[in-house]
Amino acid sequence: MTTVSSTPQTVEYSGVDGITLVADEWNRGSGTSADRPSILMLHGGGQNRFSWKNTGQVLADEGFHVVALDSRGHGDSDRAPDADYDVETLTEDVMHVLDAIGRPVMLIGASMGGLTGILVADRAGPDKVTRLVLVDVVPRFEKNGSARIREFMFSGLHGFDSLEEAADAVAAYLPHRTKPRSPEGLKKNLRLRDGRWYWHWDPAFMTKPGDDPQLRTEKFEQAAKHLTIPVLLIRGKLSDVVSPEGVRHFLDTVPGAEFVELSDAGHTAAGDDNDAFSDVVVEFVNS
C-alpha cells in the first residue's frame, strides 16, 4: 500500500561547486511506488519553490516522490558566486540534483525552469528524465511579454514599504488574478530588512548582463528537437509570453508533444488556476 506524507520536508542538495540548493520534498522513502519516477519541479525566474506548494501536495497525495527546488539565487538557496545565473549553470545544478535523487524523474518547469528543463532532459537522456511538462514557455517566447516580466522584477528591486504595497504591485502586474484579501501569503516571497520588504531572490539575477538571446533560443530549440520523451506544453490563454504562433512552432519542433490551454490563466498558470493546472498535470504524469 502506498503511503503519503501530509507535509513536505525541507531538504538540501548540492549544486555546481557545492552551492547549497534548498528544496521541499514529499514522500522521501515513504513507500511510494518504486516503478514510478520521481517528480522534480523547477520554478520561474523571481519565484521560488512555494510556487509549487499546492500542486506538489496534490502529486504527493497521488503517491509520487516530489521535489520542489529553489534555484540558485532564489528563495532559500545560496546566492551564486560572481552572480553566475547562466542557464548552463542552472542546468548543471539540476543535473547534480538528478544524481542525488538517484532514480528516473519527470520534470515540471515554468518559464526559466521550463527552459532549463529542456536542456536537462536533452543532456540527461530518456533513462534519467522520462517526461517533461513545460508551463507557459517555449524557445520562441514573446519579447514584449518577457520585457513586462523584467519591468515588474526591476520595479521591486528597492523593496516595498509594506506587504500591502507589494500586494498592490502584484495585482497591477496580474490584473486577471483575484487579489487575495490578505497580503500575508507574500511572506513566502518577501523578506523584511531594515524596515522594507524585499523579494526573496538575488538582485544580481536581474542586473548582471546575460548572453545573446538569439543564441539562447537556438540552444533551446536544438535541445527540444532531440527530445523523444513524452512532453506536455501548458499555456495560459491570457499569456503574453507564449503566443499561439509560438505554440505551433514548438509543436512542429517536437511533433509528439501534447498541448493544453488553460482558459483562466496567464503566464503564471500554476498560480492563476491551480485546480485546473493540477488536474492536467496529474493526468499527464499518470498516463
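Residues numbered from 1 in each chain as written. Predicted model: local features only at pLDDT ≥ 70, side-chain atom pairs only at ≥ 80, totals over all residues. Heavy atoms only, no water.

As annotated in an unreviewed UniProt entry, the chain carries the name Peroxidase and comes from Mycobacterium fragae.

**Quick word on the overall build of the chain**
Our working rule: For helices the rule is a DSSP run of H or I covering at least 4 residues; for strands it is a run of E covering at least 2, with both sets numbered from the N terminus onward. Put simply, the radius of gyration uses C-alpha atoms, and a globule should come to 2.2 Å times the residue count raised to 0.38. Residue exposure (1.4 Å probe, protein chains only): buried if accessible area is under 20% of the type maximum, exposed if over 50%, otherwise partly exposed. His is not counted, nor are the chain ends, whereas Lys and Arg count as positive and Asp and Glu as negative. Here the site of a charge means atom NZ of a Lys, CZ of an Arg, CG of an Asp or CD of a Glu.
Counting its secondary structure elements, the chain contains 10 helices and 10 strands. For the chain, the C-alpha radius of gyration of 18 Å lies close to 19 Å, the compact-globule estimate for 287 residues. The dimensions of the chain, computed from C-alpha atoms along their principal axes, are 50 × 40 × 40 Å. Across the 287 residues of the chain, 53% fall into the buried class. A distance of 1 Å separates the average location of the 29 positive side-chain charges in the chain from that of its 44 negative side-chain charges.

**Observations regarding the packing of helix α2 (residues 87-101) against helix α3 (residues 112-124)**
For clarity, the cut-off: The axes are straight lines fitted to the C-alpha atoms, using for helices just the contacting stretch, and the angles between their N-to-C directions are given from 0 to 180°. Angular relationships are summarised with four words: roughly parallel below 35 degrees, roughly antiparallel beyond 145, roughly perpendicular across 65 to 115, and oblique for the angles in between. In this scheme, a crossing is called left-handed if the near helix is turned counterclockwise away from the far one by less than a right angle; it is called right-handed if the turn is clockwise. Contacts were defined at the residue level, with two residues in contact if any of their heavy atoms lie within 4.5 Å. Residues are grouped as follows: Ala, Val, Leu, Ile, Met, Phe, Trp, Tyr, Cys and Pro are nonpolar; Asp, Glu, Lys and Arg are charged; every other residue, Gly included, is polar.
Remark: α2 packs on α3, axes separated minimally by 9 Å, with the N-to-C direction vectors making an angle of 60 degrees. Classified by the angle their axes make, α2 and α3 are oblique. Crossing geometry of α2 relative to α3 is assigned as right-handed. Two secondary-structure elements touch here, α2 through Val87, Glu88, Leu90, Thr91, Glu92, Val94, Met95 and Leu98 and α3 through Met112, Thr116, Leu119, Val120, Arg123 and Ala124. Residues of the contact of α2 with α3, tallied by class, amount to 9 nonpolar, 2 polar and 3 charged.

**Topic: the pattern of salt bridges**
The line we're drawing: Definition used for salt bridges: Asp or Glu carboxyl oxygen within 4 Å of a side-chain nitrogen of Lys or Arg.
Taken as a whole and judged by the stated rule, the model has 18 salt bridges. The closest approach of N and O atoms between Glu25 and Arg28, which form a salt bridge, is 2.9 Å. On the accessibility criterion, Glu25 (2% relative accessible area) is buried. Residue classification places Arg28 among the partly exposed positions, given a relative accessible area of 47%. In this structure, Glu184 engages Lys187 in a salt bridge whose closest nitrogen and oxygen atoms are separated by 2.8 Å.

**Some words on the pairing of strand β7 (residues 190-193)**
Rules: Only strands that DSSP links by at least two bridges are regarded as paired with each other.
Judged from the 4 bridges that link them, β7 and strand β8 (residues 196-199) form a sheet pairing that is antiparallel. Counterpart to Leu192 in the pairing with β8 is Trp197.

**Observations regarding helix α8 (residues 244-253)**
This is how the line gets drawn: Arc definition: it is the arc formed by the directions from the helix axis to the C-beta atoms.
Within the sequence span of α8, burial applies to Gly246, Val247, Phe250 and Thr253. The buried residues of α8 occupy an angular sector of 125 degrees when projected down its axis, which confines them to one face.

**So, the sheet that holds strand β9 (residues 231-236)**
Here we have 8 strands laid out as an open sheet, ordered β1-β2-β4-β3-β5-β6-β9-β10, and mixed in their pairing. Strand pairing shows two members of the sheet lacking a second neighbour, β1 (9-14) and β10 (258-262), which therefore form its edges. Within the sheet, the average angular offset between the axes of one strand and its neighbour, ignoring direction, is 20 degrees. Taken strand by strand, α2 contacts β1, β2 (20-26), β3 (38-42), β4 (66-69), β5 (105-110) and β6 (129-135), and its axis lies near 160 degrees from that of β3.

**Some remarks on helix α10 (residues 274-286)**
So the rule is basically this: Multiplying one less than the number of residues by 1.5 Å gives the expected span of a helix.
In this model α10 runs 18 Å from its N-terminal to its C-terminal C-alpha over 13 residues, within 8% of the 18 Å that 1.5 Å per residue would give. All of the buried residues along α10 are Asn274, Phe277, Ser278, Val280, Val281, Val282, Phe284 and Val285.

**Focus: a negative patch on the surface**
Test applied: Note on patches: the residues involved have over 30% relative accessible area and no salt bridge, like charges join within 9 Å, and the nonpolar side chains Val, Leu, Ile, Met, Phe, Trp and Tyr join within 5 Å. Note on areas: Shrake-Rupley, 1.4 Å probe, and residue coverage restricted to the protein chains presented here.
A surface patch of like charges, here negative, comprises Glu258, Asp275, Asp279 and Glu283. With 3 residues, α10 is the largest single contributor of residues to the negative patch. Within the secondary structure, Asp279 is located in helix α10. Residue Asp279 is classed as exposed on the basis of its relative accessible area of 55%.

**With respect to the domain arrangement of the chain**
Which entries qualify depends on this criterion: What fixes the domain bounds is an automatic or database domain assignment. Defined here as a combined quantity, buried area equals the accessible surface (1.4 Å probe) lost by two parts on assembly, summed across both.
What the domain assignment reports for the chain is domain 1 (9-142 + 213-286) and domain 2 (146-199). Just the C-alpha atoms count here: the centres of domain 1 and domain 2 sit 24 Å apart. With 15 residues of domain 1 at the contact, the number on the domain 2 side is 10 residues. Across the interface of domain 1 and domain 2, roughly 1000 Å² is buried in total on both sides, 50% from carbon and sulfur atoms. The interface formed by domain 1 and domain 2 holds 3 salt bridges in total.

**Describing unusual backbone geometry**
A positive phi angle, near 50 degrees, is found at Ala83, a position not held by glycine. Tracing the chain through its elements places Ala83 in the loop between β4 and α2. The class of Ala83 is buried, set by a relative accessible area of 16%. Positive phi is not limited to glycine here, since Asp194 has a value of about 50 degrees. Inspection of the secondary structure puts Asp194 in the loop between β7 and β8.

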